[in-house]
Amino acid sequence: MRKPINHSIYAISLLITAFISNTYWSIQTNKSVNEVIQSKESFAAALTIGGIIVFIFLIILVLYTNRFYITVRQNELGTYLLFGESNFSLLKLLFTEQLLFVFTAGVVGNLLGTLFSKLFGTILVRMMGYENQVAINVSWEPVLVSFALLIIAAVFVTLFNIRRFSKISLVSLFTGNSDVPKIRKGNAFLAFLGIFLIIGSLLYSTQTSLDSTILILFVSFTLGVILFINQTLTWYINYKTRHRRYFIKTDMISTASLRSKLPRNTFQLTMITLLSSVTLFFVTFSLLNLETQKVVPRTHLPDDFLYSYVDQVTENKIHQTFKGEIKSHKQFEAIAITAKSPIKSAFTNSLQFGNDGYIMSLSAYNKLRQFRGEKKLATSLQDNEALSFSRGSDTVDLDVQFQFQIGTTPKTLHVIKRLDATMIGWRSDIVQIDGEKPPTFVVSDVYYSNAKSYGNIQKFSTFLLKEPTKQLAHVKTAVSHLPENTYYSAYVIPYTINVESGALLLFVSTFFAIISFMALGATIYFKQLQEAYADKPRFKLLKELGADEKILHKNIRKQLAILFIAPSLLGTAEAFALTVPIINEVDSINAFSFVSSLIGVFLLIYLLFYLSSVAIYRRITS
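Quick look at the structure, then. Small disclaimer: the values here were computed from a predicted structure and weren't measured.

## So, the overall build of the protein chain
The helix and strand tally for the protein chain stands at 17 helices and nine strands. Counting every position in the protein chain, which comprises 622 residues, the buried fraction comes to 51%. Taking the contacts inside the protein chain whose residues are at least 6 apart along the sequence as the reference set, 83% of them involve residues at least 24 apart. With an accessible surface of roughly 29,700 Å², the protein chain has 62% of that area assigned to carbon and sulfur atoms.

## Comments concerning the packing of aromatic side chains
The relation between two aromatic rings is expressed through the spacing of the ring centres and the mutual angle of the planes. Applying the stated criterion across every chain yields a total of 19 aromatic pairs. Between phenylalanine 322 and phenylalanine 463, the ring centres sit 5.7 Å apart and the planes meet at 40°, which makes this aromatic pair tilted. On the criterion of sequence distance, the pair formed by phenylalanine 322 in helix α11 (residues 312-322) and phenylalanine 463 in strand β8 (residues 457-465) is long-range, its members being 141 residues apart. Residue classification places phenylalanine 322 among the buried positions, given a relative accessible area of 0%. According to the relative accessible area criterion, phenylalanine 463 is buried, its value standing at 0%. A network of ring pairs unites the aromatic residues Phe305, Tyr307, Phe322, Phe463 and Tyr488 as a single cluster. Taking NZ or CZ as reference, lysine 459 lies 4.5 Å from the ring centre of tyrosine 309, over its face.

## Quick look at the nonpolar core
One finds Val54, Tyr525 and Phe564 to be the most contacted residues of the largest nonpolar core, which totals 85 residues. For this core, the leading source of residues is helix α15 (residues 492-544), giving 21 residues. What tyrosine 525 contacts, discounting residues up to four positions off in sequence, is Ile9, Phe564, Phe609, Ser612, Ser613 and Ile616.

## Some thoughts on the side chain of glutamate 315
Mapped onto the secondary structure, glutamate 315 falls in helix α11. Buried charge without a partner: glutamate 315 forms no salt bridge, and the closest opposite charge is lysine 459, 7.9 Å away. Among the polar contacts listed, one links the side chain of glutamate 315 to the side chain of serine 461, at a separation of 2.7 Å. The residues touching glutamate 315, leaving out its near neighbours within four places in the chain, are Tyr307, Tyr309, His329, Gln331 and Ser461.

## Considering the pattern of salt bridges
With the rule as written, the count across this model stands at six salt bridges. A salt bridge links glutamate 333 to lysine 452; the nearest nitrogen and oxygen atoms lie 3.3 Å apart. Of this pair, glutamate 333 sits in strand β2 (residues 326-339) while lysine 452 sits in the loop between α13 (445-451) and β8, placing them 119 residues apart in sequence. Between aspartate 420 and arginine 391 there is a salt bridge, with the nearest N and O atoms lying 3.7 Å from each other. With aspartate 420 in the loop between β6 (409-419) and β7 (440-443) and arginine 391 in the loop between β4 (385-389) and β5 (396-406), this residue pair connects regions lying 29 residues apart in the sequence. Assessed through its relative accessible area of 33%, aspartate 420 is described here as partly exposed.

## Some points on the environment of glycine 106
With respect to the secondary-structure elements, glycine 106 resides in helix α5 (residues 87-127). By relative accessible area, which is 0% here, glycine 106 ends up buried. When the C-alpha atoms of glycine 106 and serine 146 are compared, they prove to be 7.0 Å apart, with 40 residues separating the residues in sequence. If near-sequence neighbours (up to four positions away) are discounted, glycine 106 is found in contact with Ala18, Phe101, Phe147 and Leu150.

## Concerning α11
Looking only at α11, the buried set comprises Thr314, Glu315, Ile318, Thr321 and Phe322. The arc that holds the buried residues of α11, viewed along the axis, is 120°, so those residues lie on one side. Opposite the buried face of α11, at more than 90 degrees from it, the exposed residues are Val313 and Gln320. In the stretch just after α11, lysine 323 is the one whose phi turns positive, near 50°.

## As for unusual backbone geometry
A positive phi is found at asparagine 349, a non-glycine position, where the angle reads about 50°. For asparagine 349, the position within the fold is in the loop between β2 and β3 (356-361). Overall, asparagine 349 belongs to the partly exposed group, its relative accessible area being 49%. A positive phi angle is found at asparagine 485, which is not glycine, with a value near 70°. Within the fold, asparagine 485 resides in the loop between α14 (472-480) and β9 (488-490).

## Focus: α14
Considered for burial, the residues of α14 that qualify are Leu472, Val475, Ala478 and Val479. The buried residues of α14 occupy an angular sector of 120° when the element is viewed end-on, so they sit on one face. Summarising the geometry of α14, the exposed residues directed more than 90 degrees from the buried face are Ala473 and Ser480. The secondary structure elements touched by the buried residues of α14 are β1 (305-308), α11, β9 and α15.

Definitions and limits used
Residues numbered from 1 in each chain as written. Predicted model: local features only at pLDDT ≥ 70, side-chain atom pairs only at ≥ 80, totals over all residues. Heavy atoms only, no water. Helix = DSSP H or I, 4+ residues; strand = E, 2+ residues; numbered from the N terminus. Buried < 20%, exposed > 50% of the residue type's maximum accessible area, 1.4 Å probe, protein only. Contact = heavy atoms within 4.5 Å. Areas by Shrake-Rupley, 256 points an atom, 1.4 Å probe, with all protein chains shown as cover. Phe/Tyr/Trp six-rings, centres within 6.5 Å; stacked < 30°, edge-to-face > 60°. Lys NZ or Arg CZ within 6 Å of the ring centre and 35° of its normal. Core = buried A, V, L, I, M, F, W, Y, C linked by side-chain atoms within 4.5 Å. Lys, Arg positive; Asp, Glu negative; His and termini not counted. Salt bridge = Lys/Arg side-chain N within 4 Å of Asp/Glu carboxyl O. Polar contact = N/O pair within 3.5 Å; in protein donor to acceptor, adjacent residues only side chain to side chain. Arc of directions from axis to C-beta.

And the structure:
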């Protein structure tokens with residue numbers, strides 16, 4: 001007789017598919033979300049790429065669920081064949097059920113997705129640092145995408161069923177898989193080598209840094225995981241069977257069962273472990289990338305808003321734009337130059353620089369550093385000696401003759417040091433945030449005084465603002481007052497775009513991780529439920545021989561615990577080992593709490609699958 005649970009498990013997988021696809025697409029089409037996004041093209045492209053990956057995993061989940069769904073109905077389908085039904089009739093029956101499932105799951109899943117679109121949209125907007133209200137997305141596009149995904153999944157399921165029923169026989173439906181289980185002993189040396197590699201990699205992760213050694217860490221831990229699942233577990237199980245008290249122990253049944261099942265599960269468990277660890281690592285990397293993206297703009301743009309001075313009228317308009325948001329304001333001057341020597345001789349990342357730059361006197365630059373809250377440079381310059389600025393590079397001594405022009409007059413600077421510092425930030429743009437960096441130098445006061453006679457003096461006006469990360473609207477208004485092509489550098493523009501991209505990557509990767517955890521956990525879950533139906537005759541025989549039902553249930557819990565705990569804990573350990581060097585490099589305070597929360601969600605999903613599989617396994621074998 002058909003059990004309702006067979007239908008409910010498959011229906012739930014379709015419902016989850018419809019819900020997630022609707023929710024995901026609702027974010028991309030939500031007007032209130034798109035209104036706050038600055039880089040709309042990048043936003044749409046990232047969500048589309050992430051959506052393809054998420055949708056592939058959802059289809060895999062549906063296919064795997066359908067495989068279980070068909071397997072547990074073998075006797076029922078065999079009965080239909082026994083009473084004269086053809087394979088084509090069974091396919092028609094399953095296809096009709098598919099249509100009913102798709103329609104029901106589509107309606108309910110899209111309704112839930114629409115209701116939850118506000119929640120997930122709000123989470124994404126808050127991750128980006130905005131406080132705008134997000135409305136429920138009522139649109140036909142997410143509904144159509146959701147139904148399209150369900151139909152695609154149904155087509156794949158139908159093709160799978162056609163392929164399966166084209167080769168099926170009446171006898172095989174009733175007998176199932178009659179393969180004799182393989183027994184693998186495991187190698188003691190390889191078993192302990194796997195444990196050694198795992199423990200050694202965990203210890204090594206606390207000492208290594210974010211460079212090529214992380215590849216060594218990944219390879220060693222992955223090899224340890226493969227050996228642990230393929231050798232250590234099988235060796236340990238076989239070791240237990242050789243114990244002199246083996247036949248009187250209460251866990252003999254679970255040990256014997258694992259001895260025959262592990263060879264069939266090792267590849268699956270290994271892949272699930274590695275995919276889990278990579279997924280956890282990817283999400284953690286996304287978080288640290290977001291934290292880094294918040295810091296990078298400040299290191300390159302120490303002023304909140306800086307621009308080439310135009311006139312007093314424009315200055316007054318910009319003051320009025322920021323009103324009470326100005327913390328401090330300063331004007332300074334520099335001499336415009338044109339570089340003639342190769343940029344790479346005095347700067348790193350030369351492709352980021354243009355040829356038009358500036359020189360400033362040492363005393364003026366020190367006053368600018370004080371204005372920014374930085375320490376003065378404890379150095380002195382003689383004759384034509386100069387310091388070059390290349391933020392993000394180590395401070396190093398140089399001995400470079402750098403040629404340039406002031407107007408049409410050729411000059412040469414003797415660059416004696418390259419500083420990891422900034423005079424003025426890169427040229428910003430509302431659309432293109434990382435324009436060219438001007439090559440800038442600091443020279444002695446005497447040299448600067450003499451160079452002023454050639455003209456080309458450029459005044460700059462710079463502002464430090466009270467809440468610089470929330471000044472995007474004010475900066476846009478201020479820029480509108482400047483003449484076209486006027487040089488300006490605004491901290492909030494790259495900060496906003498970087499945080500948007502980082503938050504979006506983190507959101508998509510977290511979304512994907514949860515789906516991935518569900519798909520990977522479901523893989524073990526359905527595999528064990530299939531084996532539960534195969535074990536049903538054995539458990540029935542054991543009960544007839546007088547086996548205690550409590551002992552049988554205890555053995556079920558032990559057997560499934562190993563199959564769920566091994567990939568979850570090993571996957572967590574490898575992800576943690578790979579993450580530690582990155583956390584140490586970035587030194588992010590929030591990383592540990594986020595990583596702990598993510599690992600908690602991961603383990604919770606596996607725990608729920610474990611508890612559910614134990615309950616259903618018991619019900620099937622009872």
